[in-house]
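Given next are the chains, with one letter for each unit.
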Amino acid sequence: VLGNKSAVACLVGNMVSGSIWISQLTFSSSYVRTRFLLTKIFTSYTVFVGAPLFIAGSLICGKLVSMYGRKMVAFLSCVPSGLLLFLYYNNGYVWLTLVLGFLAAFINGVLLTASGSLILEQVPDFRGTLMSLASAVGGFGGAFGVAVVGLLIDRIGFFASGYYMIGAGVLSAIIYFFYVTEPAK
């Protein structure tokens, strides 16, 4: 598996793109409560909108992959994933922020499903190994993203986390576009 450059690139792309959503899940409630003074109960209810949208993105991803391929769907959802969260952390309107967060949930559902599917098909004879590696690097990417975003928030402020999100989105798009091959059908 590690001898396959495309599989390794997929794992790295998954690590980087996964760090975006894990960081968002970790800090979004604190952000909207701090920035817009929303109540705990209102903030917790936003999960009832975001979670179904993430699931819908995951389900729609199957149709998109059938039409455009795994690599293209993963590639095309990376930048919107980061961009929506960049805008989420860098605007001053509560309702716009919430809508951007909900759209980001949908796009990240698409992205994480497409990237997971892309990884599994890189070396079909070793899907189990790839699934284990994807889980490990995804966890590492999430921990890394949370650490970096937490440091940015502590040192600079919440708005700086948006820069991490867009940077990670662009980096993962570059990795998927230039270093990953579309698996054979």
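In case you missed it, the structure is sitting above this.
Residues numbered from 1 in each chain as written. Predicted model: local features only at pLDDT ≥ 70, side-chain atom pairs only at ≥ 80, totals over all residues. Heavy atoms only, no water.

Q: I tried to follow the nonpolar core on my own but got confused; where do I start?
A: Within soluble globular proteins, side chains that are nonpolar tend to cluster in buried spots. Tyr31, Val32, Leu85, Tyr88, Tyr89 and Tyr176 are the most contacted members of the largest nonpolar core, which has 44 residues in total. Of the residues forming this core, the biggest block, 11 residues, is contributed by helix 1 (residues 5-36). Not counting residues up to four positions away in its chain, the partners in contact with tyrosine 31 are Phe36, Tyr88, Tyr89, Asn91, Thr97 and Phe158. (Core = buried A, V, L, I, M, F, W, Y, C linked by side-chain atoms within 4.5 Å. Buried < 20%, exposed > 50% of the residue type's maximum accessible area, 1.4 Å probe, protein only. Helix = DSSP H or I, 4+ residues; strand = E, 2+ residues; numbered from the N terminus. Contact = heavy atoms within 4.5 Å.)

Q: Any chance you could explain a nonpolar patch on the surface here in plain terms?
A: On the surface, a nonpolar cluster with roughly 720 Å² of combined accessible area is contributed by Val79, Leu83, Leu87, Val170, Ile174, Phe177, Phe178 and Tyr179. Looking at the nonpolar patch, the elements with two or more residues in it are helix 4 (70-89) and helix 7 (158-179). Ranked by the residues each element gives to the nonpolar patch, the list is headed by helix 7, at five residues. Inspection of the secondary structure puts valine 79 in helix 4. (Patch = residues over 30% accessible without salt bridge, like charges linked within 9 Å, V, L, I, M, F, W, Y side chains within 5 Å. Areas by Shrake-Rupley, 256 points an atom, 1.4 Å probe, with all protein chains shown as cover. Salt bridge = Lys/Arg side-chain N within 4 Å of Asp/Glu carboxyl O.)

Q: Would you mind showing me how to read the packing of aromatic side chains here?
A: How two aromatic rings sit relative to each other is set out by the distance from centre to centre and by the angle between their planes. Taken as a whole and assessed by the stated rule, the structure comprises 12 aromatic pairs. Taking the centre distance of 5.5 Å and the plane angle of 45° together, the rings of tyrosine 31 and tyrosine 88 count as tilted. With tyrosine 31 in helix 1 and tyrosine 88 in helix 4, the pair connects residues that are 57 residues apart, well separated along the chain. Measuring from ring centre to ring centre gives 4.8 Å for phenylalanine 75 and phenylalanine 177, while their planes differ by 40°; the resulting arrangement is tilted. (Phe/Tyr/Trp six-rings, centres within 6.5 Å; stacked < 30°, edge-to-face > 60°.)

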